[in-house]
Amino acid sequence: MTSPQTAERTDAPAPRAGARDSKPGVWGGAPLGSEWWRTAVIYQIYPRSFADSSGDGIGDLPGITSRLDDLRDLGIDAIWLSPFQRSPQKDAGYDVSDYCDVDPLFGTLSDFDLMLGAAHERGIRVIVDLVPNHSSDQHEWFQQALAAAPGSRERARYMFRDGKGVEGEVPPNNWESVFGGPAWTRVVEADGTPGQWYLHLFDSSQPDFDWSNDEVREEFRRILRFWLDRGVDGFRVDVAHGLVKAAGLPDYTPDPDAGSMGGEEADVPYWGQDGVHEVYRDWHLLMAEYEGDRALCAEAWMPTPEKTALWVRPDEMHQAFNFAYLETAWDAPALRAVIAESIAAYAAVGAPSTWVLSNHDVVRHASRLALTAENPQGHGIGPDSPGKPIPEVGLRRARAATTLMLALPGSAYLYQGEELGLPEVIDIPGDARQDPTWFRTNGERYGRDGCRVPIPWTADAPAYGFSPTGDAWLPQPAEWAHLARDVQAGDDDSTLSLYRALIAARRERGLGAGALEWLEGFGTDVVAFRNGDVTVIGNTGATAIALPDGIVIAASGPISSGELPADTTVWLAND
Ligand code: NOJ
């Protein structure tokens, strides 16, 4: 294996003035006006688990600011922050009670501005999460709706309906919450009688907005402008496939094996309705008023790349997460198919494909890729799950999978901690779990806490350097010291060094803007392609294969005597 090198960043980023008067400059490898998002490596920060400066056990914005140099050294182009807006934290911030303020847990608006400025100074763009499908039940509008009468303007901002049955005691339809249990909750009216029901596709603390209401549309334009005027570079749009529901709200029974976020099935009356695209056409025009290629990325769990590509037609969003890729096993034929299908589907609408292997909703890929077929990973894994992954196999495959992904043309998303090779934390005790999925299913589904454990920075510090007091909102495993960033930084063979080398070589060789040409003749278990002057070969099989001649640019594991071992990917320089 070659020693990974870190490329010198030669670009000279300039701080951005907040709003529409921003000056052209050069940013993280791509000049303004270059549609940076087409090729960017974007690093997801899950703020509560990234870095805690206050010592309360929950990460915060000053913590992020203090760690930006580490991210610059990793070589990423942008960060995406999961929600830090004001929220009762019933769903870790995806239940927003004030879209234009920072939750005191994470700091203040000035902490946000400082973080944004510091990121921009380092050439790192900043994308924030926007949660338009639902608010918190503590949002001013929902509280007003509860206090108001059926049929009022206040109720019309959400999806209130009368129940069925003689006394309205049966929910308006049979929809189930993504987190388990019914998707409807009945309210008590002002006079104390049982009243209407409201829709919540997620937790009962997350009532769905009614996007057929112009007041809702106008409010979200205001929210977009609030953050754009502060200088953010874009938004990751939560549940971007869910805003519009089918007329008449027809009954629907989901597939019990669908993944954690739903939406993998066809023709669901609350996912991917045609009307949702109007919202993004409107936002596209709004974003275009601002300089600097501000971007929208759709979190739309649709069944195929072709369907997901509808979100990135030229007048809609700029990127969409490629969940079909994330859900593909470590299996060469399946990988070849999804890569080819993705590139074709997104190119057909003029958009780049994105690539992603982990995020805060799925089992970390250093564990997921070693799960066995009998273990449905869609709902999390825990102490009683069958077929637990073997850590060494998982890490080997994760490194190989990332080495493959970072060679693909388009934009790639990384999730905090994957650059350290963090596995899913399986042994979280029930009383420490916090995901609403765990509570709404009475512990039947473990949910997502295992991928959200605060990350380790320093082997010998309290909470591995995550917080100065040693507190952490989810328990960190005792064996994480060897995965801490400071240990890995000095080790050429570490996962961190591999990520740095891959990102640097990807930038240097322009792989994000490249094109893929398949290579044949390596056998069924191999994914092989050329992108520009790099040949990429990934072996998903159980036995080593012969390697062609070539200078090794990077490899996910040790290579010797002209052979590529099982579960290993290599980048070779073409002659
Ligand atoms: C998708 C987010 O990624 C997830 O964490 C959240 O629970 C749901 N949307 C609801 O907002």
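Residues numbered from 1 in each chain as written. Predicted model: local features only at pLDDT ≥ 70, side-chain atom pairs only at ≥ 80, totals over all residues. Heavy atoms only, no water.

## Looking at unusual backbone geometry
Backbone geometry places D293, a non-glycine residue, at a positive phi of 55°. One non-glycine residue, Y464, adopts positive backbone phi at about 50°. Along the chain, the position of Y464 falls in the loop between α12 (436-440) and α13 (485-489). (Helix = DSSP H or I, 4+ residues; strand = E, 2+ residues; numbered from the N terminus.)

## Re the site of the ligand
The immediate surroundings of the ligand are formed by 14 residues, with D91, D238, H360, D361 and R448 found nearest. The separation between an oxygen atom of the ligand and a polar side-chain atom of D91 is 2.5 Å. The side chain of H360 places a nitrogen or oxygen atom 2.8 Å from an oxygen atom of the ligand. The fraction of the free accessible surface of the ligand (300 Å²) that becomes covered by protein chains is 100%. Looking at the shell around the ligand residue by residue, the classes come out as five nonpolar, two polar and seven charged. (Near = heavy atom within 4 Å. Polar contact = N/O pair within 3.5 Å; in protein donor to acceptor, adjacent residues only side chain to side chain. Areas by Shrake-Rupley, 256 points an atom, 1.4 Å probe, with all protein chains shown as cover. Nonpolar A, V, L, I, M, F, W, Y, C, P; charged D, E, K, R; others polar.)

## Some remarks on the pairing of strand β18 (residues 534-539)
Burial analysis of β18 places six of its six residues in the buried class, the great majority of the element. Residues V534, V536 and G538 of β18 are buried on one face, and the alternating residues T535, I537 and N539, pointing to the opposite face, are buried as well. Sheet analysis places strand β17 (residues 526-531) next to β18, joined by six bridges and oriented antiparallel. When the sheet's bridge partners are listed, V527 is paired in β18 with G538. Hairpin connection, β17 to β18: the antiparallel pair is bridged by two residues, and G532 has positive phi, about 60°. Note that β18 and strand β22 (residues 568-573) share six bridges and pair antiparallel. Considered in β22, the bridge of N539 is made with T568. (Buried < 20%, exposed > 50% of the residue type's maximum accessible area, 1.4 Å probe, protein only. Pairing = 2+ DSSP bridges.)

## What to know about the side chain of Q85
Following the sequence through the fold, Q85 ends up in strand β5 (residues 85-86). For Q85, a relative accessible area of 3% corresponds to the buried category. Side-chain polar atoms of Q85 contact the backbone oxygen of D129, separated by 3.4 Å. Beyond its immediate chain neighbours, meaning those up to four positions away, Q85 contacts V96, D98, Y99, D101, V102, D103, D129 and W227. (Contact = heavy atoms within 4.5 Å.)

## Some details on the packing of aromatic side chains
A complete count under the given rule lists 30 aromatic pairs for this structure. For the ring pair F179 and F202, a centre distance of 5.3 Å and an interplane angle of 65° mean the geometry is edge-to-face. Highlighted residues: F179 in the loop between β8 (160-161) and β9 (184-188) and F202 in the loop between β10 (194-199) and α5 (214-230), separated in sequence by 23 residues. The pair formed by F179 and F202 is uniform in burial state, with each residue classed as buried. Judged by centre distance (5.5 Å) and plane angle (80°), the rings of F209 and F220 are edge-to-face. Highlighted residues: F209 in the loop between β10 and α5 and F220 in helix α5, separated in sequence by 11 residues. The burial state of F209 is the same as that of F220; both residues are buried. Grouped by ring-pair contacts, the aromatic residues Y99, W141, F142, Y158, F160, Y198, F209, W211, F220, Y280 and W283 constitute a single cluster. We note R157 situated over the ring of W141; from NZ or CZ to the ring centre the distance is 4.3 Å. (Phe/Tyr/Trp six-rings, centres within 6.5 Å; stacked < 30°, edge-to-face > 60°. Lys NZ or Arg CZ within 6 Å of the ring centre and 35° of its normal.)

## With respect to the domain arrangement of the protein chain
Each assigned domain of the protein chain is listed here: domain 1 (38-133 + 215-502) and domain 2 (140-199). Each of domain 1 and domain 2 has a C-alpha centre, and these two points are 31 Å apart. Taken together, the contacts link 24 residues of domain 1 with 19 residues of domain 2. When the area that domain 1 buries against domain 2 is broken down by residue, the three leading residues are E215, L249 and R440, summing to 37%. Seen at the junction of domain 1 and domain 2, the total is two salt bridges. At the boundary of domain 1 and domain 2, one finds 10 residue pairs in polar contact (both at pLDDT 80 or more). Listed by contribution, the elements that provide at least two residues to the side of domain 1 that touches domain 2 are α5 and α12. Considered class by class, the residues forming the side of domain 1 that touches domain 2 number 10 nonpolar, six polar and eight charged. (Domains from an automatic or database assignment. Buried area = accessible area lost by both parts, 1.4 Å probe. Salt bridge = Lys/Arg side-chain N within 4 Å of Asp/Glu carboxyl O.)

## Brief notes about the sheet that holds strand β14 (residues 354-356)
Spatial ordering of the open sheet is given by β13-β12-β11-β7-β4-β3-β15-β14, a layout of eight strands whose pairing is parallel. Each edge of the sheet is formed by a strand with only one pairing partner; in this case those strands are β13 (319-320) and β14.

## Concerning the sheet that holds β10
The strand order β8-β10-β9 describes an open sheet built from three strands, whose pairing is antiparallel. Of all strands in the sheet, those with a lone pairing partner are β8 and β9, marking the two edges. Across four bridges, the pairing between β9 and β10 is antiparallel. Each residue of the ladder has a partner; that of V188, found in β10, is P194.

## Description of helix α14 (residues 495-508)
Here α14 is 14 residues long and its end C-alpha atoms lie 20 Å apart, about the 20 Å a rise of 1.5 Å per residue gives. With 12 of 14 residues buried, α14 is to be regarded as a mostly interior element. All of the buried residues in α14 are T495, L496, S497, L498, Y499, R500, A501, L502, I503, A504, A505 and R506. Within two residues after α14, G510 carries a phi angle of roughly 60°, on the positive side. (Expected span 1.5 Å × (residues − 1).)

## Things to note about the packing of helix α3 (residues 109-121) against α5
Viewed as axis vectors pointing N to C, α3 and α5 meet at an angle of 55°, and their least axial separation amounts to 10 Å. By the angle between their directions, the pair α3 and α5 is classed as oblique. Between α3 and α5, the contacting residues are L109, F112, D113 and L116 on the first element and F226, W227 and R230 on the second. (Axes fitted to C-alpha atoms, helices over the stretch in contact; angles between N-to-C directions. Parallel < 35°, antiparallel > 145°, perpendicular 65-115°, else oblique.)

## A look at the nonpolar core
One finds I79 and F235 to be the most contacted residues of the largest nonpolar core, which totals 140 residues. When residues of this core are sorted by domain, at least three fall in each of domain 1 (38-133 + 215-502) and domain 2 (140-199). Each residue touching F235, except ones within four places of it in the same chain, is listed here: I127, V128, L130, L224, W227, L228, M287, A295, L296 and C297. Of all hydrophobic cores here, the second largest spans 16 residues; its members include M159, V178, F179 and L201. (Core = buried A, V, L, I, M, F, W, Y, C linked by side-chain atoms within 4.5 Å.)

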